[in-house]
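# Structural description and commentary
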Amino acid sequence: MKMVVTGGAGFIGSHLVNNLVSQGYEVHVIDNLTTGDPCLLHSEAILHVADVRGDQAQNVIRVVKPEVVFHLAAAQTGGQQSTKSPSADFETNVMGTLNILDACHAYKVRKIVFASSYSVYGNLAKELITEHDSVNPLSFCALSKLAAEQYIRMFKHYYGVDYTILRYGNVYGPDQTAKGEGNVIAVYQEQVQNGQPLTVYGDGTQTRDFIHVKDIVKANIAAIDYGSGEILNVSTGHSTSMNQLIDIIQSQLSLPFGVNYLPAKPEDILHSSLNITRICAVLPWAPEYTLEQGLRETCRHWISSVHL
Ligand SMILES: NC(=O)c1ccc[n+]([C@@H]2O[C@H](COP(=O)([O-])OP(=O)(O)OC[C@H]3O[C@@H](n4cnc5c(N)ncnc54)[C@H](O)[C@@H]3O)[C@@H](O)[C@H]2O)c1
């Protein structure tokens, strides 16, 4: 069976591509390599260097005729940059999604599995956020993800292109770089390796729901056959503050490092933890990694990749 992964040369995309290849799928990657790295890809993955906004991406889908398109390509502007330049997020995340949807419709792709984000919820004063809670994006990046979700829903309604929308928590794991989105752990890796203090915006009590990239990959693969027409949170349901995260990294690396507290950023979400009851009911899936286990593996990877 053939699959297309947009953004497949990126952090999460490459883990997904390599897993799909190892399961015997013929995997085509559409990636313009703005942040992606072809070296991360399995040798049997077929890379098409193309932009999701262009005709070339449509052409790949026309020729390959995949069963499923995993749509992960996204402008990785990050909150602050996205506030300065909203059009970059709009062009890739909305126009790019629309272009991919047009191709899915025209060339009879059965399903699109979309990488959305916890950020669509904004700041909700709630312990655990469910998919039925209100959405209130605080950044243009989050807004563009929400708009893309709505286009995806309408393409099913009007044209029958099936979908599963996965709203990821904060993803971490091997090969993540500080260039990507939601990448505080990768930023800390870089700061540790450069001997710099770790940066915290605010007082460090803000929380995130961290999920290991291998658990995200498993949810994507489960969505090939399950979760038709569903929007699903994908995370662990646990919240961890930045201060707790730093303590765990410190205990894994057994290295002393300072912490530099800077003023909080207006677009930052204060607390985020996702209710995962729905995904666990709809997909044959549950998160396997605790943050401690995942960081143990990730920190080992840091140590083996660079001499601290
Ligand atoms: N990393 C996280 O914590 C997180 C959280 C929530 C959602 N997501 C979503 O998951 C997806 C993957 O994120 P990631 O962390 O792997 O980021 P990443 O930057 O590592 O991967 C994104 C990939 O998309 C490619 N790309 C960017 N613009 C493109 C374009 N116009 N045409 C073709 N390719 C393009 C990049 O080259 C890169 O390979 C994104 O959609 C992101 O919004 C990530």
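Residues numbered from 1 in each chain as written. Predicted model: local features only at pLDDT ≥ 70, side-chain atom pairs only at ≥ 80, totals over all residues. Heavy atoms only, no water.

A cluster of nonpolar side chains, M154, Y158 and Y159, forms an exposed patch at the surface whose accessible area comes to about 380 Å². If you trace the backbone, M154 turns up in helix 5 (residues 140–159). (Patch = residues over 30% accessible without salt bridge, like charges linked within 9 Å, V, L, I, M, F, W, Y side chains within 5 Å. Areas by Shrake-Rupley, 256 points an atom, 1.4 Å probe, with all protein chains shown as cover. Salt bridge = Lys/Arg side-chain N within 4 Å of Asp/Glu carboxyl O. Helix = DSSP H or I, 4+ residues; strand = E, 2+ residues; numbered from the N terminus.)

Moving on, we get to the domain arrangement of the protein chain. On domain assignment, one finds that the protein chain holds domain 1 (2–172 + 210–236 + 276–282) and domain 2 (184–207 + 239–269 + 289–305). Averaged C-alpha coordinates put domain 1 and domain 2 at centres separated by 26 Å. Contacts between the two partners involve 15 residues from domain 1 and, on the opposite side, 16 residues from domain 2. When the two sides are added together, the surface that domain 1 and domain 2 hide from each other amounts to roughly 1,300 Å², 63% of it contributed by carbon and sulfur. (Domains from an automatic or database assignment. Contact = heavy atoms within 4.5 Å. Buried area = accessible area lost by both parts, 1.4 Å probe.)

Turning next to the pattern of salt bridges. For the structure on display, the rule yields nine salt bridges. Among the salt bridges present, the one from E67 reaches R110, with a minimum N-O distance of 2.5 Å. You can see E67 sitting in the loop between helix 2 (55–64) and strand 4 (68–71) and its partner R110 sitting in the loop between helix 4 (86–106) and strand 5 (111–117), a full 43 residues away along the chain. You can call E67 partly exposed: its relative accessible area is 27%. Overall, the relative accessible area of 32% leaves R110 in the partly exposed class. Between R278 and E230 there is a salt bridge, with the nearest N and O atoms lying 2.5 Å from each other. With R278 in helix 9 (residues 277–282) and E230 in strand 11 (residues 230–234), this pair connects stretches of sequence that are 48 residues apart. (Buried < 20%, exposed > 50% of the residue type's maximum accessible area, 1.4 Å probe, protein only.)

What follows concerns the pairing of strand 5. Counting buried positions along strand 5 yields seven of seven residues, so the element is predominantly enclosed. Burial of the side chains of strand 5 extends over both faces: K111, V113, A115 and S117 are buried on one face and I112, F114 and S116 on the other. Taken together, the four bridges between strand 4 and strand 5 define a ladder with parallel strand orientation. Each bridged residue has a counterpart across the sheet, and for H71 the counterpart in strand 5 is F114. Pairing geometry for strand 5 and strand 6 (residues 162–168), over seven bridges, is parallel. Bridge pairing in strand 6 places F114 opposite I165. In terms of handedness, the path from strand 5 via helix 5 over to strand 6 forms a crossover that is right-handed. (Pairing = 2+ DSSP bridges. Right-handed = clockwise from strand over helix to strand, strands pointing away.)

Interhelical geometry of helix 2 versus helix 4 gives an angle of 25° and a closest axis separation of 9 Å. One finds that helix 2 runs roughly parallel with respect to helix 4. Taken as a pair, helix 2 and helix 4 cross one another with a handedness that is right-handed. Contacts between helix 2 and helix 4 involve A57, Q58 and I61 from the first element and N99, I100, D102, A103 and C104 from the second. Within the contact of helix 2 with helix 4, the residues separate by chemical class into five nonpolar, two polar and one charged. (Axes fitted to C-alpha atoms, helices over the stretch in contact; angles between N-to-C directions. Parallel < 35°, antiparallel > 145°, perpendicular 65-115°, else oblique. Left-handed = near helix turned anticlockwise from the far one by under 90°. Nonpolar A, V, L, I, M, F, W, Y, C, P; charged D, E, K, R; others polar.)

Looking at the element boundaries, Y121 is found in the loop between strand 5 and helix 5. For Y121, a relative accessible area of 0% corresponds to the buried category. Setting aside residues up to four positions removed in sequence, Y121 forms contacts with I129, T130, E131, D133, S134, V135, N136, R167, N233 and L274. Reaching out from Y121, the side chain makes a polar contact with the side chain of R167 at a distance of 2.9 Å. (Polar contact = N/O pair within 3.5 Å; in protein donor to acceptor, adjacent residues only side chain to side chain.)

Here we take up the sheet that holds strand 1 (residues 2–6). Pairing within the open sheet is parallel, and its seven strands lie in the order 3-2-1-4-5-6-11. Of all strands in the sheet, those bounded by a partner on one side alone are strand 3 (46–49) and strand 11. On average, adjacent strands in this sheet sit at an angle of 20° to one another, irrespective of strand direction. Its contacts with the sheet put helix 1 (residues 11–22) on strand 1, strand 2 (26–31), strand 4 and strand 6, and the angle it makes with strand 1 is roughly 170°. Packing against the sheet, helix 2 makes contact with strand 1, strand 2, strand 3 and strand 4, and its axis sits at approximately 170° to strand 2.

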